[in-house]
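Chain residues, written in single-letter form:
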Amino acid sequence: MIERIKSSIADKLVEICPNENVYDEFVAQHLKKGGFFIDIVEQDYKSFIHKANKSTVLVDISYFPKGPKESIRTEMEQVKQNIFRNFNVIDGFVITKKQGEIVDHVLHITFETRYKEAMHEEKHLMQTMDLNYLDKEES
């Protein structure tokens, strides 16, 4: 499910910022071209009876600006506003607790999303039974 969440976020980022690169595994330090890095910061997972599970996922999207140093603050504020406006529901995942912070010339957007899943077990209630019996007349 985590891969589906990350993929849905990446698709949405490409949709709203088509000229930016999106990374979800590794990003080089001092990225020159700019772009986004998606990171799952924390996950809370609870199991319930009947094989049901509930999870809360904390996501951090880091944005590395590519513009000149004089305008990166404005660039990051525009990206932050664009993400806040467009990240409400992504592929059925409701986005809550959105926050934005600029640290060391990198914009960090954090938010939570939740999901539930249920594991279904196939049960075979009836099976075919082969019977071998002797007829009294044959013996």
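Peer 1: I'd love a proper account of the overall build of the protein, names of residues and values included.
Peer 2: For the protein, the helix and strand inventory stands at 2 helices and 6 strands. Counting from the amino terminus, helix and strand elements in the protein follow one another as α-β-β-β-α-β-β-β. Put simply, the protein has 139 residues, and 32% of those count as buried. Sequence separation of at least 24 residues holds for 55% of the intrachain contacts in the protein that already meet a minimum separation of 6. Only carbon and sulfur atoms are counted for the fraction: they give 50% of the accessible area of the protein, which is about 10,300 Å².

Peer 1: Which residues make up the nonpolar core, and what values do they have?
Peer 2: Formed by 24 residues in total, the largest nonpolar core has its most connected members in Ile9, Leu13, Phe36, Ile61, Ile83, Phe87 and Phe111. Where this core is concerned, the elements lending two or more residues are helix H1 (2–16), strand S2 (35–48), strand S3 (52–64), helix H2 (72–86), strand S5 (93–103) and strand S6 (106–118). The element best represented in this core is H1, accounting for 5 residues.

Peer 1: How would you explain the pattern of salt bridges if you had to name every residue and give the values?
Peer 2: Per the stated rule, a full pass over the model turns up 6 salt bridges. With a shortest N-O distance of 3.5 Å, Lys66 and Glu20 are connected by a salt bridge. Residue Lys66 is found in the loop between S3 and H2, and its partner Glu20 is found in the loop between H1 and strand S1 (22–23); the two are separated by 46 residues along the sequence. Take Lys66: its relative accessible area is 40%, and that puts it in the partly exposed class.

Peer 1: Summarise the environment of Ile16; cite the residues concerned and give the values.
Peer 2: Take Ile16: it is sitting in helix H1. Measuring from C-alpha to C-alpha, the distance between Ile16 and Phe87 comes to 9.8 Å, with 71 residues separating the pair along the chain.

Peer 1: Can you explain the pairing of S6? Please cite residues and give values.
Peer 2: Every other side chain in a regular strand lies on the same face of the sheet, so the side chains alternate between the two faces. The pairing of S3 with S6 spans 12 bridges and is antiparallel. Residue pairing in the sheet places Ser62 in a bridge with His108 of S6. As judged from the 7 bridges shared by S5 and S6, these two strands associate in the antiparallel manner. Within S6, the residue paired with Gly100 across the bridge is Ile109. Hairpin connection between S5 and S6: a loop of 2 residues separates the two successive antiparallel strands, and Asp104 in this loop has a positive phi of roughly 50°.

Criteria and thresholds
Residues numbered from 1 in each chain as written. Predicted model: local features only at pLDDT ≥ 70, side-chain atom pairs only at ≥ 80, totals over all residues. Heavy atoms only, no water. Helix = DSSP H or I, 4+ residues; strand = E, 2+ residues; numbered from the N terminus. Buried < 20%, exposed > 50% of the residue type's maximum accessible area, 1.4 Å probe, protein only. Contact = heavy atoms within 4.5 Å. Areas by Shrake-Rupley, 256 points an atom, 1.4 Å probe, with all protein chains shown as cover. Core = buried A, V, L, I, M, F, W, Y, C linked by side-chain atoms within 4.5 Å. Salt bridge = Lys/Arg side-chain N within 4 Å of Asp/Glu carboxyl O. Pairing = 2+ DSSP bridges.

Shape descriptors only; they carry no functional weight alone.
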